[in-house]
Amino acid sequence: MLLIRCPVCGVKGEEGDFHAGGQAHVRRPATSDPVNITDEQHRDYLFLRHNPKGLHFERWRCDRGCGKWFHAARDTVTLDFKAYYKIDELPPVELMRQATGYWAEHFAPHLKATKAKKPVAKRNARVRS
Amino acid sequence: MTGKPYRLPESAGAGRLTDRAKPVSFTFDGKKMTGFAGDSLASAVMANGQRLLGRSFKYHRPRGLVGLGSEEPNALVGVGEGARHEPNLRATQVELYDGMVAVSQNRWPSLGFDVGAFNNRLSRLFPSGFYYKTFMWPRSFWKTIYEPTIRHAAGLGKAPTGRDPDTYEQLHVHCEVLVIGGGVTGLAAAEAAASTGARVIIADENPRFGGLADIAGGKIDGRPQTDWAALRVQQLAKADNVHVLARTTVAGHFHHNYLLLFERLADHDPQLIADGVPRHRLWKVRANQVVVAAGAIERPIAFANNDRPGVLLASAARGLVERYGVAPGLMGVLFTNNDDAYRTALRLKEAGVGIACIVDVRQQVDGALAEAARAAGFEVMSGHAIAGIETDIGGKAISAVKVAPYSSGQGRVINEEKIECDFVAMSGGWNPAVHLWCHNGGKLKFDDSLQTFVPARHSDAISIAGAANGRMSVGECIAEGYAAGEAAAKAVMSKAKAVRMKPPSTEQEAEKRLEPIWFAPATGKYNEGNKHFIDFQNDVTAADLELAQREGYESVEHTKRYTTLGMATDQGKTSNVNGLGVVSQATGRVIPEIGTTTFRPPYTPISMGSIAGTSVGKLFLPVRKTPVFSWHEAEQANFEPVGEWRRPYCYPKMNEDRQAAVNREIMVVREGVGLLDASTLGKIEIKGPDAAALLDRVYTNTFSTLKIGKGRYGLMMNEMGFLMDDGVTVRLADDHFLMHTTSGGADRIAAWLEEWLQTEWMELRVFVTPVTEQWAQFAVAGPKAREVLQALGGDIDFSADGLSFMSMAEGRVGGYPVRVFRISFSGELSYEIAAPANFGRGLWDSLLKAGEPFGIKAYGTEALHVLRAEKGFIVIGDETDGTVTPLDVGLDWAVSKKKTDYIGKRSLEQSYLKAPNRKQLVGLYTEDPNEVLPDGAYAVEKVTDKPPMKMIGQVTSTYWSPTLKRSIAMALIEDGRNRMGEMLLFPLAGKVVKAQIVDPVFYDKQGARQNV
Ligand SMILES: [Zn+2]
């Protein structure tokens, strides 16, 4: 029974007060280009999920609290939550750097943008990924 | 059989917990017995001279007491009668009360004479994995012979008969420090933690604190250990920041320091139950820090037939004498590999119980305790082991043991010697009780000097101290307890000043190193008539473990599952390490290399009542009631659950059965006018500048083109392209829609829309507001529906043109503010009238009154379903099952070809969802019009004598249609639309029903009746 904190309303609650929403930062291809979606893209969107041992990024909903969706970074071995961040945000830069495997690849472009001193958009729906 | 010799005289200083002035009477297996207040059920039965306490699970071997507390594997009993009967309790933990009715388990017809014991003779039929091997053939035997026989003869206790009359409760509690175990270590930890002001809970499974302080020997501050413990408990109980919980088992440790505590408030005293005290309480504790001080459990030794009644742990023998003044027998033999067990010999001698000799496997025995034993006159047979046991015919009483010279690694028995005795106290060393440490991932390491696993590391805020951490002297235990308690509190209470605890002075005899013995060689041929039991409760022997190794189950987790070692209700408390020892010897691998299996919660079983708590009866699940629920009740409606709602299934009149009522209600709607409480229908208001855009994305069809005041039937798919909900959505204003969902889908769909808005289409400016409970909604359906509404009066024009099909109007009807939707799920002229919920009952009554001249009658959900089936309308969840597309059910017309994007669109392009042989919705007419197919019946390609038969589809809805006076059904059939007219075969029990594929719209195909 995990203890979770909602980054939107700030409430701390039991796992049962929240709803687990699976892997974070999954891009829906149709939202940006509904016409040209390859079978591979569609398969990956629907079915391909990662289950890393260690640092992982997930979606949660504050079910019995404010009702908002948010993101959480969690270690799947120790079950420690490393960070909570809003649904339209990227993880803290230090966690993107710690990420390995799929997540390292996924965050690489964003980290590059950070290095180039371009600010990582904090609240921009379209940059979200 | 007289109990006298087993109850020791008071003068012997034994029986610390019993009150000889308070005799208690009880029955065991119907036999009247007496004990004393303070006795455990086990000690009282033993005092009455009965050694036989149960039969074993697999072989039905006679079994007696082994342990002192929760580790007891054999003496499982049922306590109480009828609905209050509780099975599978450990007799060692059952506190005796006057009038207790207790029974042994796993014996039939009686404990003394047991039919199943013949399993023991056939034990070659029950090797490791016997379920997989023995009962495989002939196949027909399984159902007729094997299963009934096994079920009758095997199994543990019996379930209570009747509903539990007692109450249970649950508590949710937070604390800074939870201390598990109330022995000297736990008391020290709690004292140190509490001194900082931290909120502390200390829980112990026993009725009193102190753990094994009474039998561990040694002194604290020059006085008995129990004095020190008693003072600590007293002080802790007085402190405002400490909960002292006796009779409370910490059953499990879960993520983020969540713990379940199982408190037995009233098991020990029926008067408390009579006074209304809950029987059990389940504490759900969230602790910042946890200190495990769960102590240690003595391990048995695997020698031949070590399960005979009378063979018990040395600590149990000592405890029986010390606590209850009960002798384990008249003359015993002590069998040990360590020094601690000598305390048993010394304590028993002090109490006047005979010990014929001490058999010690070590060649050199020269510890302080051994010297004390020799000085007390004991014969110590060093370098010896027990090679066999002699018993009476039934194996129920020991008459002698055979002792032979032993040295480690030697497998042969020579020069054995017989020693007469009636009990054996054995000790193979001590295992730290690391179970709770391990529940949530604590790691272990092998300790060479203790020859067992001790805690290594943990990633949670948890520490472990004392015997549970492998510290076996009282001085170490107290020092470590203080340190752990202080560290735990300090980690939370950063600003608190810790009172540094000064450990008291302690004295205790030093102990020499033990010598591991995993298997004592037996007299006679190997494993011939000999069983070296490792797991008493699951009847697993050393030979079983060896066989598992030979058959390749080398991983310890495989060994466990194949042999069931450690999988009984005692979770292998006494068997785990011994099992590893046997595997180690059989494979030549060292124990740390083999590793351990996983310990899982609960530590000991917890009651179902405590899990349910107060969530029983009406509080199990709240019933959702519509605004006219009381009317339905008054009409004695037949209710059916629809999600959490209770909806009227039908309203039978006097002498009418359900089917007759349903038929009547249908004809009322077809011929006159009916009234349906449709308030449970999901209602979601969707408002904002982008409301239409949202609907276009979640529905398969287009809503942005819908005119204000009009409604449209919409289909929702998930991203896989499968149907998930449907309903009519109405446009109230340019930026305002009212969505209707299925009754069951209301919450899910609201959450679904929110998810898309919050996580994917954040730019859409829309509010989604579930309003299901805000509105009462009724369908007025039938040819006379218009007349009823017109009779009611108001400002709405109900004429065919005034309110056309799929239109809505707002206004007043019969004085009530309403929204009226002209939609139809029955195929008849039909209006759905919605009023704010608090006007619901008034409107309902007005409709019934206005409708009276027209013969209006209420109809229920079953009539509703038949009416829609006659029209071929689908129901989500009947015609769909999460794998059905709009195309499958023939709703292509509701799927937009123009919109570029909506949920599920891309999936519909996948070839497998367009394949021609997919199951498609069709209607069915049974060849015999009176034959109603069962729901879910399968159509097969060809009927053969026995399965398998290729299935080509299944019935999704099936009814008697009073309108058509014949049976109708809907079905999903492979390539169904191309098979119109084909006769399908439905093999049922004892017959094959034929049915012809027809159009799924059975009645009024043109839809003329709703368009009037
Ligand atoms: Zn929240």
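Residues numbered from 1 in each chain as written. Chains lettered and ligands numbered in written order. Predicted model: local features only at pLDDT ≥ 70, side-chain atom pairs only at ≥ 80, totals over all residues. Heavy atoms only, no water.

Sorry, what's going on with the overall build of chain B here?
When helices and strands are tallied, chain B shows 26 helices and 50 strands. Along the longest, intermediate and shortest principal axes, the C-alpha atoms of chain B span 115 × 75 × 55 Å. By the burial criterion, 59% of the 1012 residues in chain B qualify as buried. If you take every contact in chain B between residues at least 6 apart in sequence, the share linking residues at least 24 apart comes to 66%. On chain B, roughly 40900 Å² of surface is accessible, and the fraction owed to carbon and sulfur atoms is 53%. Distance between charge centres in chain B, computed from 114 positive and 115 negative side chains, equals 1 Å. (Helix = DSSP H or I, 4+ residues; strand = E, 2+ residues; numbered from the N terminus. Buried < 20%, exposed > 50% of the residue type's maximum accessible area, 1.4 Å probe, protein only. Contact = heavy atoms within 4.5 Å. Areas by Shrake-Rupley, 256 points an atom, 1.4 Å probe, with all protein chains shown as cover. Lys, Arg positive; Asp, Glu negative; His and termini not counted. Charge placed at Lys NZ, Arg CZ, Asp CG, Glu CD.)

Quick question: what am I supposed to make of the packing of helix α5 (residues 184–194) of chain B against helix α6 (residues 225–238) of chain B here?
The relative placement of two packed helices is expressed as an angle between their axes plus a distance between the axes. Residues and elements named next belong to chain B. One can describe the packing of α5 onto α6 by two numbers: an axis separation of 10 Å at closest approach and a directional angle of 35°. Seen from above, α5 lies across α6 with left-handed handedness. Across the interface between the two elements, Val184, Leu187, Ala188, Ala190, Glu191 and Ala194 from α5 touch Gln225, Trp228, Ala229, Arg232, Val233, Gln235 and Leu236 from α6. Considering only residue class, the contact of α5 with α6 consists of nine nonpolar, two polar and two charged. (Axes fitted to C-alpha atoms, helices over the stretch in contact; angles between N-to-C directions. Left-handed = near helix turned anticlockwise from the far one by under 90°. Nonpolar A, V, L, I, M, F, W, Y, C, P; charged D, E, K, R; others polar.)

When you look at the packing of aromatic side chains in this model, what are you seeing that I'm missing?
One pair of aromatic rings is described through two measures. These are the centre distance and the angle between the planes. Scanning the model with the defined rule gives 26 aromatic pairs over all chains in all. Judged by centre distance (5.0 Å) and plane angle (70°), the rings of Phe57(A) and Trp103(A) are edge-to-face. Here Trp103(A) lies in helix α4 (residues 101–115) and Phe57(A) lies in strand β4 (residues 55–61), a separation of 46 residues in the sequence. For the residue pair Phe57(A) and Trp103(A), the accessibility class agrees, reading buried in each case. Centroid distance Trp60(A) to Phe81(A): 6.1 Å. Interplanar angle 70°. Geometry classified as edge-to-face. Of this pair, Trp60(A) sits in strand β4 while Phe81(A) is found in strand β6 (residues 81–86), placing the two residues 21 residues apart along the sequence. With respect to burial, Trp60(A) and Phe81(A) carry one shared label: buried. Seen from the ring of Trp761(B), Arg697(B) lies directly overhead, with NZ or CZ sitting 5.1 Å from the centre. (Phe/Tyr/Trp six-rings, centres within 6.5 Å; stacked < 30°, edge-to-face > 60°. Lys NZ or Arg CZ within 6 Å of the ring centre and 35° of its normal.)

When you look at the interface of chain B and chain A in this model, what are you seeing that I'm missing?
Interface size is commonly expressed as the accessible area that is lost once the parts come together. Facing the 23 residues of chain B at the interface are 28 residues of chain A. It is His256(B), Gln758(B) and Arg906(B) in chain B that bury the most area against chain A; as a group they hold 25% of the surface buried on that side. Where chain B meets chain A, there are five salt bridges. Here chain B and chain A share 14 residue pairs in polar contact (both at pLDDT 80 or more) between them. Elements supplying a minimum of two residues to the side of chain B that touches chain A: α21 (746–759) and α25 (905–908) of chain B. In terms of residues, the side of chain B that touches chain A owes the most to one element, α21(B), which gives four residues. (Buried area = accessible area lost by both parts, 1.4 Å probe. Salt bridge = Lys/Arg side-chain N within 4 Å of Asp/Glu carboxyl O. Polar contact = N/O pair within 3.5 Å; in protein donor to acceptor, adjacent residues only side chain to side chain.)

What should I look at first to understand the nonpolar core in this one?
What tends to happen in soluble globular proteins is that the nonpolar side chains get buried as a cluster. Counting 82 residues, the largest nonpolar core has Leu41(B), Phe303(B) and Phe335(B) as the members making the most contacts within it. By size, the runner-up hydrophobic cluster in this structure holds 38 residues, among which are Ala781(B), Leu864(B), Val884(B) and Phe1002(B). (Core = buried A, V, L, I, M, F, W, Y, C linked by side-chain atoms within 4.5 Å.)

Help me understand the sheet that holds strand β20 (residues 380–382) of chain B in this model?
Remark on secondary structure: sheet strands pair via backbone hydrogen bonds, oriented parallel or antiparallel. Residues and elements named next belong to chain B. Here five strands make up an open sheet; going across it, the order is β17-β24-β18-β19-β20 and the pairing parallel. Whereas interior strands pair on both sides, the edge strands pair on one side only; in this sheet they are β17 (311–313) and β20. Averaged over all adjacent pairs, the angle separating strand axes in this sheet is 20°, with direction ignored. Relative to strand β19 (residues 354–360), strand β18 (residues 331–336) is paired through six bridges, and the arrangement is parallel. Across the sheet, Met331 pairs through a bridge with Gly354, a residue of β19. Along the sheet, helix α9 (residues 342–350) contacts β18, β19, β20 and β24 (423–427); its crossing angle with β19, the most-contacted strand, is approximately 170°. (Pairing = 2+ DSSP bridges.)

How do you make sense of the coordination of the zinc ion when you look at a structure like this?
A metal bound by six donors in octahedral fashion has ideal angles of 90 or 180 degrees, whereas one bound by four tetrahedral donors has an ideal angle of 109.5 degrees. Residues and elements named next belong to chain A. Every protein donor of the zinc ion is accounted for by Cys6 (SG), Cys9 (SG), Cys62 (SG) and Cys66 (SG), and the metal-donor separations fall at 2.3 Å. Seen from the zinc ion, its four donor atoms lie at angles of 106 to 112°, and the figure they make is tetrahedral. Look at Cys9 and you get partly exposed, because its relative accessible area is 39%. (Donors = N, O, S within 2.8 Å, 3.2 Å for Na, K, Ca; no water. Tetrahedral: all angles 85-135°; square planar, octahedral: opposite > 155°, others 65-115°.)

I keep staring at the pairing of strand β5 (residues 69–75) of chain A and nothing clicks. Help me out?
Each regular strand displays side chains that alternate between the two surfaces of the sheet. Residue and element names in this part refer to chain A. Counting buried residues along β5, seven of its seven residues qualify, which places the element largely inside the surrounding structure. Of the two faces of β5, both are covered, the one formed by Trp69, His71, Ala73 and Asp75 as well as the one formed by Phe70, Ala72 and Arg74. As paired elements, β4 and β5 share seven bridges and run antiparallel to each other. Note on β5: the bridge partner recorded for Arg59 is His71. As defined by bridge partners, β5 adjoins β6 across five bridges and the pair is classed as antiparallel. Across the sheet, the residue bridging to Phe70 is Lys86, located in β6. Hairpin connection from β5 to β6: five residues lie between these consecutive antiparallel strands, with Leu79 at a positive phi of about 70°.

Looking at this model, I keep getting lost on the pattern of salt bridges. Mind explaining?
A side chain with one charge may pair with a side chain of the opposite charge, provided their charged atoms come close. Residues and elements named next belong to chain B. Overall, the coordinates contain 60 salt bridges over all chains when judged by the stated rule. For Arg841, the salt bridge goes to Asp845, with nearest N and O atoms at 3.2 Å. Here the residue Arg841 and the residue Asp845 both occupy positions in helix α23 (residues 840–851), the gap between them amounting to four residues, near one helical turn. Arg841 sits in the partly exposed class, given a relative accessible area of 32%.

Help me understand the confidence of the model for chain B in this model?
Low pLDDT marks regions whose predicted coordinates should not be analysed in detail. Per-residue confidence for chain B gives a mean pLDDT of 93; residues scoring 70 or more make up 94%. Across the interfaces of the predicted complex, the ipTM metric reaches 0.93, alongside a pTM of 0.89. (pLDDT = per-residue confidence, 0-100.)

Help me understand helix α15 (residues 576–587) of chain B in this model?
Owing to its 3.6 residues per turn, the α-helix aligns residues three or four sequence positions apart on the same side. Residues and elements named next belong to chain B. In this model, α15 (twelve residues) spans 17 Å end to end at C-alpha, consistent with the 16 Å of a helix rising 1.5 Å per residue. Where α15 is concerned, the buried positions are Asn576, Val577, Asn578, Gly579, Leu580, Gly581, Val582, Val583 and Ser584. In this structure, the buried residues of α15 make contact with β25 (430–432), β27 (452–455), β30 (533–535), α13 (542–550), α14 (556–563) and α16 (591–594). (Expected span 1.5 Å × (residues − 1).)

Even after reading the chapter, I still don't get the sheet that holds strand β3 (residues 19–23) of chain A, so can you show me in this structure?
All names here are of chain A. Pairing is antiparallel across the open sheet formed by four strands, whose spatial order is β3-β4-β5-β6. The open sheet terminates on both sides in strands that have one partner only, identified here as β3 and β6. Ignoring strand direction, the axes of neighbouring strands in this sheet form an average angle of 30°. Here α4 sits on the sheet and contacts β3 and β4; the angle it forms with β4, its principal contact strand, is near 75°.

Would you mind going over unusual backbone geometry with me for this structure?
Note on backbone geometry: most residues besides glycine have negative phi, and most peptide bonds are trans. Residues and elements named next belong to chain B. The peptide bond linking Pro601 to Pro602 adopts the cis configuration, its omega dihedral lying at -5°. The residue Pro602 is located in the loop between α16 and α17 (608–612) in this model. Backbone torsion omega between Pro947 and Pro948 reads 5°, so that peptide bond is classified as cis. Inspection of the secondary structure assignment puts Pro948 in the loop between β46 (938–940) and β47 (951–961). A positive phi is found at Asn88, a non-glycine position, where the angle reads about 60°. Overall, the relative accessible area of 22% leaves Asn88 in the partly exposed class. One non-glycine residue, His256, adopts positive backbone phi at about 55°. When you line up the elements, His256 lands in the loop between β13 (248–254) and β14 (258–264).

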